[in-house]
Amino acid sequence: MASEKNNVPEHVTIIMDGNGRWARQRGQERLYGHKEGVESVRACTELAVEKGIKYLSVFAFSEENWDRPVAEIEGLMQLMLKAITMETPTFQKNGVRFRVIGDFSRLSEKLRKEIDDCMKLTCNNSNLQLIIFLSYSGKWDIVQAANKFMRENSEKEGAGQLQMTAEDLAANLSTAGIPDPDLLIRTSGELRISNYMLWQTAYTEYYFTDILWPDFRKTEFQQALDTYSKRERRFGKV
Ligand code: FPP
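Since we're looking at a predicted model, the values are computed, not measured.

Draft legend 1. Region of the structure containing the pairing of strand β2 (residues 11-15). With 5 of 5 residues buried, β2 lies mostly within the body of the structure. Along β2, one buried face is formed by H11, T13 and I15 and the opposite face, lined by V12 and I14, is buried too. Both β2 and strand β3 (residues 55-62) contribute to a ladder of 5 bridges, which runs parallel. Bridge assignment links T13 to a residue of β3, and that residue is S57. Here 4 bridges tie β2 to strand β6 (residues 183-186), and the two strands are oriented parallel to one another. The partner of I14 across the bridge, within β6, is I185.

See the structure below:
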């Protein structure tokens, strides 16, 4: 690919971080920060639609987050359930396709059903795909992709000589069919990828900001997009 400057990224992904600290600064419970964080998801979704971004994905809950206190996990899951129920009509109105990616086996039946219903209802919307990574980790994704490939091919003739290619692995990731992120944003001053989309971010541009997630609204998102538009992407070439 030739060297190119970028205007609007096709896929923006966000590691939403700092809800707990935002709440603590206000003498509140962590859940208060998560609630305000949902408002930031809404604001960023609105701007993404306005800007013609095709995919907006957010890391809402990692596999590691299952080790948080039970009350916080339950609160977050309730919040997720409520947000999906509340936002579904808005998704329909704005042509937003809603998707959730992750290990669903640990989610409650009720949440799984709500997710499933919303995904089915919005599956033909084409302005923007809003993708929530829930109970997700990058290593989990790579391992499940490799296992899926093995299951599907191990019985075939000559399986012993089979070599898996990068394309084979990508085709079995939970993100298959979704373009790799052009821009990854992480809020709250943490400079890590924290077992997020490890494979898919090989050539992604990173943008780190000290702003805590509940304060990351349209103006802050626009700033990240402006920074991205000035980056030169060479994809390893000169
Ligand atoms: C990180 O802040 C935030 C999370 C782990 C949860 C984010 C989830 C939401 C905002 C709800 C999303 C809902 C929908 C519908 C997408 P933290 O708790 O790690 O904050 P800290 O680092 O300050 O402790």
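Draft legend 2. Structural detail: the site of the ligand. Not every one of the 17 residues close to the ligand is listed here, only the nearest: D17, G20, R21, R30 and R68. Taking G18, its main chain carries an N or O atom lying 3.4 Å from an oxygen atom of the ligand. Here R21 contributes a backbone N or O atom positioned 2.7 Å from an oxygen atom of the ligand. With the chains in place, 91% of the 630 Å² that the ligand exposes on its own is no longer accessible. Contributions of two or more residues to the shell around the ligand are made by α1 (19-25), α2 (30-51) and α3 (70-94). Of all the elements, α2 adds the most residues to the shell around the ligand, at 4 residues.

Draft legend 3. Molecular detail of α3. With 25 residues, α3 should cover 36 Å at 1.5 Å per step; its first-to-last C-alpha distance of 35 Å lies within 8% of that length. Where α3 bends most, at E87, the angle is about 45°, and the proline P89 comes one to four residues later. Among the residues trailing α3, G95 stands out with phi positive, at a value near 70°.

Draft legend 4. Local environment of α2. Taking 1.5 Å as the rise per residue, α2 with 22 residues should run 32 Å; its terminal C-alpha atoms sit 32 Å apart, in good agreement. Regarding α2, the residues found buried are G33, H34, G37, S40, V41, A43, C44, T45, L47 and A48. Where α2 is buried, its residues contact β2, α1, β3, α3, β5 (128-136) and α7 (218-230). Just downstream of α2 lies G52, where phi reads positive at about 80°.

Draft legend 5. Local environment of the packing of aromatic side chains. If you walk through the whole model with that rule in mind, you get 13 aromatic pairs. Measuring from centroid to centroid gives 5.9 Å for Y203 and F235, while their planes differ by 50°, and the two rings are tilted. Residue Y203 is located in the loop between β6 and β7 (205-208), and its partner F235 is located in the segment after β8 (232-233); the two are separated by 32 residues in the primary sequence. When its relative accessible area of 49% is taken as the criterion, Y203 is described as partly exposed. Members of the aromatic cluster, joined through ring pairs, are F59, F133, Y136, W140 and Y196. The ring of W22 has R26 lying over it, and the distance from NZ or CZ to the ring centre is 3.9 Å.

Draft legend 6. Quick look at unusual backbone geometry. The backbone phi angle of S194 is positive, close to 50°, even though this residue is not glycine. Structurally, S194 can be placed in the loop between β6 and β7. One non-glycine residue, F235, adopts positive backbone phi at about 50°. Overall, the relative accessible area of 23% leaves F235 in the partly exposed class.

Reading the values: the criteria
- Residues numbered from 1 in each chain as written.
- Predicted model: local features only at pLDDT ≥ 70, side-chain atom pairs only at ≥ 80, totals over all residues.
- Heavy atoms only, no water.
- Buried < 20%, exposed > 50% of the residue type's maximum accessible area, 1.4 Å probe, protein only.
- Helix = DSSP H or I, 4+ residues; strand = E, 2+ residues; numbered from the N terminus.
- Pairing = 2+ DSSP bridges.
- Near = heavy atom within 4 Å.
- Polar contact = N/O pair within 3.5 Å; in protein donor to acceptor, adjacent residues only side chain to side chain.
- Areas by Shrake-Rupley, 256 points an atom, 1.4 Å probe, with all protein chains shown as cover.
- Expected span 1.5 Å × (residues − 1).
- Bend = angle between axes of the 7 residues up to and from the residue.
- Contact = heavy atoms within 4.5 Å.
- Phe/Tyr/Trp six-rings, centres within 6.5 Å; stacked < 30°, edge-to-face > 60°.
- Lys NZ or Arg CZ within 6 Å of the ring centre and 35° of its normal.

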